[in-house]
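A look at the structure
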Amino acid sequence: MNKDLTVGNPAKVLWKFCLPLFASIVFQQLYNIADSLVAGKFIGENALAAVGNSYEITLVFLAFAFGCNMGCNVVSARLFGAGDYRNLKTAVSTSCIFTAFVCIALMLAGLLLCEALLTLIHTPSELMSDSELYLRIYIWGLPFVFFYNLSTGIFSALGDSKTPFYFLAASSSANILCDIVFVTVFDMGIAGVAWATFICQGVSCILAVFVVSKRIKSIEAGIKAPYFNRNLLIQIIHIAVPSTLQQSFISVGNIIIQGQINSFGASVMAGYSAGVKLNNLLITALTTLANGISSFAAQNMGAKKPERIKEGIRAGIKMVWILSIPVALLYFFGGKFVLLLFLNTTSEEAIDTGLTYLRILSPFYIFVSAKLVADGILRGMERMKQFMASTFTDLLLRVILASVLSKTVLGATGIWCAWPVGWLIATCISFFFLKRISLNGKTKTDLN
């Protein structure tokens, strides 16, 4: 059901809108968690390392899917808030054309360069075969990944965060079951893990596209809307490219860091793979809430009600702290028990690696969560230069410090220490830019 985010108490509206988004991303992350859990517990440590190794490359593809999602989301939410339903329909169809083009290009590049990408991150020879098999199957499923993400962006723009949750809850549960059946019953190994994800993502995507198409058709626009508009495409790209670059910078940085981690051996790789899955579960959930805040900000900007955004910032920070603080405590004090979901008790080096990683990062979740709220507001108000400045600073610091510190006596632990430094400085930058935006949506100085 479509929801107008420009009326009602801003805090209550934002909470009701964002909570289903959070639940959705928890189920979406179950795809990758199920893959790692089944690979680590039922196949072996090398299989877990292979899935984690491929995962860093899949994040690059997800970065482009995320960019298409946000480009469509912000532009469509602004048009929906303004009541411009004709251009809303055109923006959606234009986004579909743009998304299809990007997806096909990435599939071709991925299939041609699959082995080269794995070689680039120094994949150990004993993991190359499983890593490549998993990655190739994933690449064939990219249309499902892209158009599911696009559909969730449209739903969010219309103020509907519940429908995507229903799809993901069902498909993620099915994915866990398929993972176990394909691996333990059919003995398909790493291929079973990949095909389970492919099938379940496909079903979720088809259902989402079908429902969102009917939803858009039901909106009365007065006159027939064109399928493509160049000016709207430019607006979509204006949001999509920085959003893609944000995620790409993070993903490319992680790939560089993964290459450094790989030099420490399979046990460290497996420990990092388990730890980073847990870290990404929270960070992705926080990012999704920030995306919901972007929709809230975009709708209110379209409706010319930017004064509501200030209350949305306060509500957003409370929301992410309520989520991040308990998770930080769990990871810091109970990290070993959570890691054992992925690792066997005999993998002592892997467990120690994952535990050190979580204990270094978790105290700083309170800062990165606030940063993501600020980023969500900046993106919703289409302040993309400021948004990019913060993201690039975070990435640059992490990659440089990880490279330097890993060569000291700290070893792999030095890599983990790079995360908090990047987060802290980038948080300060994001809030510096946010403070320079007044309630009428204009900066105190011309930052654009």
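All figures in this text were calculated on a predicted structure; none of them were measured in a lab. Numbering of residues starts from 1 in each chain and follows the order in which that chain's sequence is written. A pLDDT threshold of at least 70 governs which residues receive local features in this predicted model, and a stricter bar of 80 or more applies before side-chain atom pairs are shown or counted, although totals over entire chains, interfaces and linings include all residues. Side-chain calculation: all heavy atoms of the structure are included, whereas hydrogens and water are not.

Quick notes on the overall build of the chain
A count of helices and strands for the chain gives 14 helices and zero strands. Expressed as lengths along the three principal axes of its C-alpha atoms, the size of the chain is roughly 65 × 45 × 35 Å. Using a 1.4 Å probe on the protein chains alone, a residue whose accessible area is under 20% of its type maximum counts as buried, one over 50% counts as exposed, and one in between counts as partly exposed. The buried share of the chain, taken over its 448 residues, is 59%. The contact rule is simple, with two residues in contact once any of their heavy atoms fall within 4.5 Å. The contacts in the chain between residues at least 6 apart in sequence include a share of 85% that link residues at least 24 apart. A total of about 17600 Å² of accessible surface is found on the chain, and carbon and sulfur atoms cover 69% of it. As used throughout, the charge tally considers Lys and Arg to be positive and Asp and Glu to be negative, leaving His and the chain termini uncounted. Just so you know, the charge point we use is NZ for Lys, CZ for Arg, CG for Asp and CD for Glu. Charge centroids of the chain, computed over 33 positive and 22 negative side chains, lie 16 Å from each other. Going along the chain from the N terminus, every DSSP run of H or I of four or more residues is numbered as a helix, and every run of E of two or more is numbered as a strand. With residues, only the protein chains shown are counted as cover, and all accessible areas are computed by Shrake-Rupley using a 1.4 Å probe.

So, the pattern of salt bridges
Pairing of side chains with opposite charge becomes possible as their charged atoms draw close. A pairing counts as a salt bridge when a side-chain nitrogen of Lys or Arg comes within 4 Å of a carboxyl oxygen of Asp or Glu. All chains considered together, the criterion is met by five salt bridges. Between Glu-382 and Arg-78 there is a salt bridge, with the nearest N and O atoms lying 2.8 Å from each other. Of this pair, Glu-382 sits in the loop between α12 (365-380) and α13 (384-405) while Arg-78 is found in helix α2 (residues 45-82), placing the two residues 304 residues apart along the sequence. Here Glu-382 falls in the partly exposed class, since its relative accessible area comes to 22%. Under the relative-accessibility criterion, Arg-78 is labelled partly exposed at 22%. With a closest N to O distance of 2.9 Å, Arg-215 and Asp-160 form a salt bridge. Of this pair, Arg-215 sits in helix α7 (residues 190-217) while Asp-160 sits in the loop between α5 (142-157) and α6 (162-185), and the two are 55 residues apart along the sequence. Assessed through its relative accessible area of 2%, Asp-160 is described here as buried.

Focus: the packing of aromatic side chains
A pair of Phe, Tyr and Trp rings is counted when the ring centres sit within 6.5 Å of each other, with Trp represented by its six-membered ring. The angle between the planes then sorts it: under 30 degrees is stacked, over 60 is edge-to-face, the rest tilted. All told, the structure shown has 16 aromatic pairs when counted by the stated rule. Aromatic ring contacts, followed pair by pair, group Tyr-272, Tyr-357, Trp-416 and Trp-419 into a single cluster.

Considerations on the layout of surface pockets
Considering only enclosed or pocket space, the largest pocket measures out at about 450 Å³ in volume. Here a cavity denotes a set of grid points, spaced 1 Å apart and computed over the protein atoms alone, in which a 1.4 Å probe fits but from which it cannot get out, and a pocket denotes an open set meeting protein on both sides within 12 Å along at least five of seven lines; residues with an atom within 4 Å of a point are reported as lining. Together, 22 residues line the largest pocket, and Lys-89, Ser-93, Ile-216, Lys-217 and Tyr-227 are the ones closest to its centre. The element best represented in the lining of the largest pocket is α7, accounting for five residues. Considering only residue class, the lining of the largest pocket consists of 14 nonpolar, four polar and four charged. Grid points are joined across faces, edges and corners, and a volume is the space filled by probe spheres set on the points. Under the scheme applied here, ten amino acids are nonpolar (Ala, Val, Leu, Ile, Met, Phe, Trp, Tyr, Cys and Pro), four are charged (Asp, Glu, Lys and Arg), and all others, including Gly, are polar.

Digging into the confidence of the model for the chain
Confidence in the prediction of the chain, expressed as mean pLDDT, is 84, and 92% of residues score 70 or more. Across residues 439-448, confidence stays below pLDDT 50; counting only partners more than four residues off in sequence or on other chains, it has 25 contacts. Each residue carries a pLDDT score, the predictor's own confidence in it, on a scale running from 0 to 100.

Observations regarding the environment of Asn-291
Inspection of the secondary structure assignment puts Asn-291 in helix α9 (residues 266-302). Taking the C-alpha atoms as reference points, Asn-291 and Met-70, 221 residues apart in sequence, are found 7.6 Å from one another. Polar contacts, as counted here, are pairs of nitrogen or oxygen atoms within 3.5 Å of one another; within protein the pair requires one atom able to donate a hydrogen and one able to accept it, and residues that are adjacent in sequence qualify only if both atoms are side-chain atoms. Here the side chain of Asn-291 touches Arg-379 through a polar contact of 2.8 Å, side chain to side chain.

A word on the packing of α9 against helix α11 (residues 348-361)
α11 packs onto α9 with a crossing angle of 40° between their chain directions and a minimal axis gap of 7 Å. Here the hand of the crossing between α9 and α11 comes out right-handed. Here Ser-267, Val-268, Ala-270, Gly-271, Tyr-272, Gly-275, Val-276, Leu-278 and Asn-279 of α9 come into contact with α11, specifically with Glu-349, Ala-350, Thr-353, Gly-354, Tyr-357, Leu-358 and Leu-361. Taken together, the residues of the contact of α9 with α11 sort by class into nine nonpolar, six polar and one charged. Every axis in this analysis is a line fitted to C-alpha atoms, fitted for helices over the stretch in contact. Angles between the N-to-C directions lie between 0 and 180 degrees. Each helix crossing is assigned a hand: it is left-handed if the near helix lies turned anticlockwise from the far helix by less than a right angle, otherwise right-handed if that turn is clockwise.

Looking at the nonpolar core
Nonpolar side chains tend toward joint burial in soluble globular proteins. By size, the foremost hydrophobic cluster in this structure holds 120 residues, and its most contacted members are Leu-142, Tyr-365, Trp-416 and Trp-419. When residues in this core are grouped by element, the largest group, 17 residues, is from α9. Those residues in contact with Trp-416 that sit more than four places away from it in its chain are Ile-261, Tyr-272, Thr-353, Thr-356, Tyr-357, Ile-360 and Leu-361. One finds Val-51, Tyr-134, Ala-191 and Ala-194 within the second-largest nonpolar core, a separate group that totals 11 residues. Only buried residues count toward a nonpolar core, which is a set of Ala, Val, Leu, Ile, Met, Phe, Trp, Tyr and Cys residues joined through side-chain atoms within 4.5 Å.

Overview of α12
The span one expects for a helix is its residue count, reduced by one, times 1.5 Å. The terminal C-alpha atoms of α12 lie 23 Å apart, and with 16 residues this matches the ideal 22 Å at 1.5 Å per residue to within 8%. Across the 16 residues that make up α12, a large majority, 14, are buried. Two residues or fewer past α12, Glu-382 is found with a positive phi of approximately 65°.

Concerning the side chain of Gln-299
Take Gln-299: it is sitting in helix α9. Among the residues examined, Gln-299 registers a relative accessible area of 0% and is labelled buried. Here Leu-5 takes part through its backbone nitrogen, which lies 2.8 Å from a polar atom of the side chain of Gln-299. Within polar-contact distance, the side chain of Gln-299 engages the backbone oxygen of Ala-157 at 2.9 Å.

Thoughts on unusual backbone geometry
Although it is not a glycine, Lys-304 adopts a positive phi angle of roughly 60°. Here Lys-304 falls in the exposed class, since its relative accessible area comes to 71%. Even without being glycine, Glu-382 reaches a positive phi, approximately 65°.

Things to note about empty space enclosed by the protein
The gaps left among the atoms become clear once a water-sized probe is rolled over them. Under the defined criterion, the tally for this structure stands at four cavities of 30 Å³ or more. The volume enclosed by the second largest cavity comes to roughly 50 Å³. In terms of lining, the second largest cavity is formed by Tyr-134, Ile-137, Tyr-138, Gly-141, Ala-194, Thr-197, Phe-198 and Gln-201. Looking at which element gives the most residues to the lining of the second largest cavity, the answer is α7, with four residues. Looking at the lining of the second largest cavity, its residues break down into five nonpolar, three polar and no charged.

As for the packing of helix α3 (residues 85-120) against helix α4 (residues 125-140)
Relative placement of two packed helices is described by the angle separating their axes and the distance separating the axes. Their axes nearest at 10 Å, the elements α3 and α4 cross at an angle of 165°. With respect to each other, α3 and α4 are oriented roughly antiparallel. Of the two elements, α3 crosses α4, and the hand of that crossing is right-handed. Contact residues: α3 offers Met-107, Gly-110, Leu-111, Cys-114, Glu-115, Leu-118 and Thr-119, while α4 offers Met-128, Ser-131, Glu-132, Leu-135, Arg-136, Ile-139 and Trp-140. Relative orientations are named as follows: roughly parallel for angles under 35 degrees, roughly antiparallel for angles over 145 degrees, roughly perpendicular for angles from 65 to 115 degrees, and oblique for any other angle.

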